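If you want the building blocks of each chain, they are given just below.
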Amino acid sequence: MKSRVIVITSGKGGVGKTTTTANLGTSLAMMDKKVVLVDTDIGLRNLDVVMGLENRIVFDIVDVVNGKCRLKQALIKDKRFEGLHLLPAAQTKDKTAITPHQMKNLTNELRQDFDFILVDCPAGIEQGFRNAIAGADDAIVVAMPEVSSVRDADRIIGLLEAAGLRNSRLIVNRLRSKMVRRGDMMDIKDILDILSIELLGVVPEDECIVVSTNRGEPAVMENASRAGAAYRRIARRMMGEDIPLPSLDEPENFFYRFKKILKMAR
Amino acid sequence: MVAAIRETASEIHLNLSACNSFEEMKRELERRLSLAQDCSWGSRISITAKAGKLTLKQTQEIKTFLAERGLRLHDFIIKSEIRGEEENDFFENFSHYEETALICRHLRSGNKFFTDGNVVILGDVNPGAEIIAGGNILVMGSLRGMVHAGASGDEKAIIVAYRLIPTQLRIADHITRPPDGEVVLVDSPEMARIRSGKVCIEKLKI
């Protein structure tokens, strides 16, 4: 299989880029793929914390591009899965420490050893963003069902297209089906209307995410987690499997359907 | 050799107290600045010099020299040559360093502190902060971040903290981290040092 460099981005901060990167990377590794997660959020690194690998960091991405160490030395092997690796960002530098050109060379070097290279993009549209997308083949745009997040996602999709990444796919994160049903939250259809890109998956709001983030264990390892299950399905879709998306018109809740039938009967 | 205090590469500290003449000092300054590539345009710089070695004119000359390289002279530290005479047995086992930097604030994520000598921190060191010292490191607070003592290869360097719960500890060439999944609650000062080739953590007893 040809290796893919996929950038995970959103524009807005706090919508779940890092969580998505960690969970998708872990589920791909659970399917015996060779995966490397690249944290490009230099100065505000988080991916290492979410993966629970913070205390293993010796070298980082800036050391690699500056030739202070070899790429292999900076890659941190995950403690749970054989094929999973992390290339951490530097914390004491800033986004200007690397250039898009260096990033491109770096991702090309990683292609030789890995099936999936997932690049965790920082929030914003400045240099950090330009670095992150420099070597990417595909983009995954993460958006939350709220106006500001969708607005930023729209801008990001435009910037990605301008950079030649025309096949971005969307993950809608932290969807609360109850609120959608009440009409208090944008539903998937509204979001797709505006963004008009392919939907890769929907991740429900889930308290497990908070727990797993704090523990440094991605939620996909937790069988009971609904968000984890959603991420596992998304990863299978990324592998090219045909996993149906939840129906957009009708929430899958049994009671809701039941109520609807009753209403129709009346 | 170059000691540098940095917070996003904005502050540099050079120790030139070993130089005996002004000419030697100037040459050394030029050499070290060419080595320290990290010092960016507009950086603040502090220089430590031997007592009674500089005239006002010479100070001015150094200022102009630095200005040409985009550096601002922040402080001249004139070092006197007084040294403590009484020494406790406890400390005789450890390497002696001329200088000790005192930091009176919390070091937060992204802060990096780098010096040739010892460091004493009156505050915490949070995860994501880094201290690299040629000598010993003493944290009068919680050490949660990464510290590197004896960075130039001194295996006798020690790390002491009121609460030692680091992300990673480095002494000389040794790198250690706390074991996975084990939460140890410490409520007494601890000391880390190398014993028979391994980093050991023990209760601090003086």
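Bear in mind that the values here come from a model prediction, so they are computed numbers and not experimental data.

**Q** Tell me about the overall build of chain A, and name the residues and values.
**A** When you go through chain A residue by residue, the secondary structure sums to 12 helices and 8 strands. On C-alpha atoms alone, chain A measures out to a radius of gyration of 19 Å, which is about the 18 Å that the 2.2 N^0.38 rule sets for 266 residues. The C-alpha extent of chain A, read off along each of the three principal axes, is 75 × 40 × 35 Å. For chain A, buried positions account for 49% of its 266 residues. By sequence separation, contacts in chain A at least 24 residues apart represent 76% of the contacts at least 6 residues apart.

**Q** How would you summarise the UniProt feature "binding site: ATP" (unreviewed entry) in chain A if you had to cite specific residues and measurements?
**A** Residue and element names in this part refer to chain A. UniProt records the feature "binding site: ATP" (unreviewed entry) for Lys12, Gly13, Gly14, Val15, Gly16, Lys17, Thr18 and Thr19 in the present numbering. Following the sequence through the fold, Thr18 ends up in helix H1 (residues 17-30). When near neighbours in sequence (up to four residues on either side) are disregarded, Thr18 contacts Asn46, Leu47, Val50 and Asp120. Along the chain, the position of Thr19 falls in helix H1.

**Q** I'd like a rundown of the sheet that holds strand E14 (residues 190-195) of chain B, residues and numbers included.
**A** Residue and element names in this part refer to chain B. Spatially, 6 strands are ordered E5-E7-E9-E11-E14-E15 in an open sheet, and the strand pairing comes out mixed. With one partner strand each, in any of the chains shown, strand E5 (100-103) and strand E15 (198-203) form the two edges of the open sheet. Each adjacent strand pair in this sheet contributes to an overall mean axis angle of 25°, direction not counted. Sheet topology places E5 next to strand E7 (residues 118-121); 4 bridges connect them, and they run parallel. Within E7, the position partnered with Ala101 by the bridge is Val119.

**Q** So what about the confidence of the model for chain B? Which residues, and what values?
**A** Low-confidence regions, as indicated by low pLDDT, have predicted coordinates that should not be scrutinised in detail. Residue and element names in this part refer to chain B. With 78% of its residues at a pLDDT of 70 or more, chain B shows a mean pLDDT of 80. This model gives residues 1-9 a pLDDT under 50, and the stretch forms 29 contacts once residues within four places in sequence are excluded. In the model, residues 80-87 has pLDDT below 50 throughout and makes 3 contacts with residues more than four positions away in sequence or in other chains. If you check the scores for this complex, the pTM reads 0.74 and the ipTM reads 0.75.

**Q** Go over the interface of chain A and chain B with me, naming the residues and quoting the values.
**A** Contact residues are listed per partner, giving 9 residues for chain A and 13 residues for chain B. Residue composition of the side of chain A that touches chain B, by class: 1 nonpolar, 4 polar and 4 charged.

Definitions and cut-offs
- Residues numbered from 1 in each chain as written.
- Chains lettered and ligands numbered in written order.
- Predicted model: local features only at pLDDT ≥ 70, side-chain atom pairs only at ≥ 80, totals over all residues.
- Helix = DSSP H or I, 4+ residues; strand = E, 2+ residues; numbered from the N terminus.
- Rg over C-alpha atoms; globule rule 2.2 N^0.38 Å.
- Buried ≥ 20, exposed ≤ 12 C-beta atoms within 10 Å, placed from the backbone.
- Contact = placed C-beta atoms within 7 Å.
- UniProt positions renumbered as here; feature names shortened; annotations may be inferred.
- Pairing = 2+ DSSP bridges.
- Axes fitted to C-alpha atoms, helices over the stretch in contact; angles between N-to-C directions.
- pLDDT = per-residue confidence, 0-100.
- Nonpolar A, V, L, I, M, F, W, Y, C, P; charged D, E, K, R; others polar.

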